[in-house]
Protein chains: 2
Amino acid sequence: MHSATDIRKRPSQERSRQRVGKILEVAAERISEVGADQLKMSDIAKLAGVPIGSIYQYFPNKSSIIRSLAESHLEQLREVVLENLATVKEAPDGDDVAAIQLMSNRIIDTYYSFYLNEPAFSALWGGIQADAMLTELEVKDTQETADILHEILKPIFPPMSEARGHALTLVICNQIGATLRFALQLGEEQGQELVEMLKEQIGRVARSYIEERSAP
Amino acid sequence: MHSATDIRKRPSQERSRQRVGKILEVAAERISEVGADQLKMSDIAKLAGVPIGSIYQYFPNKSSIIRSLAESHLEQLREVVLENLATVKEAPDGDDVAAIQLMSNRIIDTYYSFYLNEPAFSALWGGIQADAMLTELEVKDTQETADILHEILKPIFPPMSEARGHALTLVICNQIGATLRFALQLGEEQGQELVEMLKEQIGRVARSYIEERSAP
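All of the points below concern the structure found in this document.

What counts, and where the lines are drawn
- Residues numbered from 1 in each chain as written.
- Chains lettered and ligands numbered in written order.
- Predicted model: local features only at pLDDT ≥ 70, side-chain atom pairs only at ≥ 80, totals over all residues.
- Heavy atoms only, no water.
- Contact = heavy atoms within 4.5 Å.
- Buried area = accessible area lost by both parts, 1.4 Å probe.
- Salt bridge = Lys/Arg side-chain N within 4 Å of Asp/Glu carboxyl O.
- Helix = DSSP H or I, 4+ residues; strand = E, 2+ residues; numbered from the N terminus.
- Nonpolar A, V, L, I, M, F, W, Y, C, P; charged D, E, K, R; others polar.
- Least-squares fit on C-alpha atoms with pLDDT ≥ 70 in both.
- Expected span 1.5 Å × (residues − 1).
- Buried < 20%, exposed > 50% of the residue type's maximum accessible area, 1.4 Å probe, protein only.
- Polar contact = N/O pair within 3.5 Å; in protein donor to acceptor, adjacent residues only side chain to side chain.

1. Quick look at the interface of chain A and chain B
Counting residues at the interface gives 35 residues for chain A and 35 residues for chain B. Buried surface at the junction of chain A and chain B, summed over both partners, amounts to about 3,200 Å²; 59% is from carbon and sulfur atoms. Considering only the surface of chain A that becomes buried against chain B, Val-171, Phe-182 and Arg-204 of chain A emerge as the three largest contributors, covering 20% of it. Applying the counting rule to chain A against chain B returns four salt bridges. Measuring nitrogen to oxygen at the nearest pair gives 2.7 Å for the salt bridge that ties Arg-204 of chain B to Glu-212 of chain A. With 13 residues, helix α8 (residues 162-185) of chain A is the largest single contributor of residues to the side of chain A that touches chain B. Residues belonging to the side of chain A that touches chain B are distributed by class as follows: 16 nonpolar, 13 polar and six charged.

2. Some thoughts on the side chain of Thr-169 of chain B
Residue position: Thr-169 of chain B is located in helix α8 (residues 162-185). With residues up to four places along the chain from it excluded, the contact list for Thr-169 of chain B reads Ala-146, Leu-149, His-150 and Leu-153 of chain B.

3. Quick word on the relation of the copies chain A and chain B
Superposing chain A onto chain B takes a rotation of 180° combined with a translation of 0.0 Å along the rotation axis, leaving an RMSD of 0.0 Å. Between the two chains, the operation in question is that of a two-fold axis. Most of the interface of chain A is mirrored in chain B, where 100% of its interface residues are also at the interface.

4. Here we look at helix α5 (residues 96-117) of chain A
All names here are of chain A. Its 22 residues place the ends of α5 32 Å apart at the C-alpha level, agreeing with the 32 Å of an ideal helix rising 1.5 Å per residue. Every buried residue of α5 is accounted for by Asp-96, Val-97, Ala-99, Ile-100, Met-103, Ser-104, Ile-107, Ile-108, Tyr-111, Tyr-112, Phe-114 and Tyr-115. Where α5 starts, the residue carrying a side-chain oxygen 3.3 Å from the main-chain nitrogen of Val-97 turns out to be Asp-95.

Following this line, the structure appears as structure tokens:
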């Protein structure tokens, strides 16, 4: 059901969304070129072709632009996790180790190519321009992703306390992020070797827990 | 054997060493209070009670102080690894899993308490004030520590290519550092749970490789 207000508002909201999108896009490009440190509101206005007042209408300061970009990165990565969860739930032959390996391989590959293809991500998160706000966002995000993973692994792994289960998934999630970011710092060849080794380690850990489940 | 030059130089070198030590000590305190970003050469001079020209005599700029401190942290942590290597080599009863577990537990505990007790470490490395130079130092240091670990694990683990062995130890070293730094961001209780889980994971991975060694 539409009202007159809806009709009056919609085009303007659509324009706002496009404008905010353009501002973030330009900011991401600029960050990947000069780093978040050197990002300037006036440069963003110039590159986005919008009056600087219009930028301040959406973002009170540079920090809020960086935060929006960082949140958008985390959201996209969260999508990757959610999309791949089904893999482990639908393992047809009951081979839980293979199912976990498949799920984690897909998540790792998609994360890694996201990192490689989003230069603003590296500039913001790669240790080059980290700050307290990003650290806090990352801790919160890792905790949330670990909670999701915990729900998935709980019925597959042997029974353990909530605290241990949470610590386990937290270590895994943090390890995936840390190893991939470290891989980005190495050359392509050594980076890829590290990614393959990360997958192997997760497979070994999964097998270790699942074997424990069926041990006498 | 001493010469006249030795005698003339020694006290002055000793004074220099003490002065450099004092400058770094004061800088570390200051960084833990205000962050490396807000560190000022003039504050260091004032707090150390030395003329600012004397600071520039040893350190051309702020970056070189930060680098010296960072290198000193890495050196102290490298000592921890080297001191504990003997544990795995001297396992009396041939239980390699237990020996690796003991060695890694000791390294992890000592690293974690170093992180906890050296506030300047967190301020410099904890993701709050990382920069390109520190990232580069850390990559180099992790590679070197991994090389040392690789030599230790090579005769214990099943045969694997140099590249795989190096990737394996690199993932382990990076995981230890990343998990401990992440643990610092959490509260004490959850942080400690993470540290215990990290130890458990290393034990499981070691067991997985060692069982593979004796598999038919």
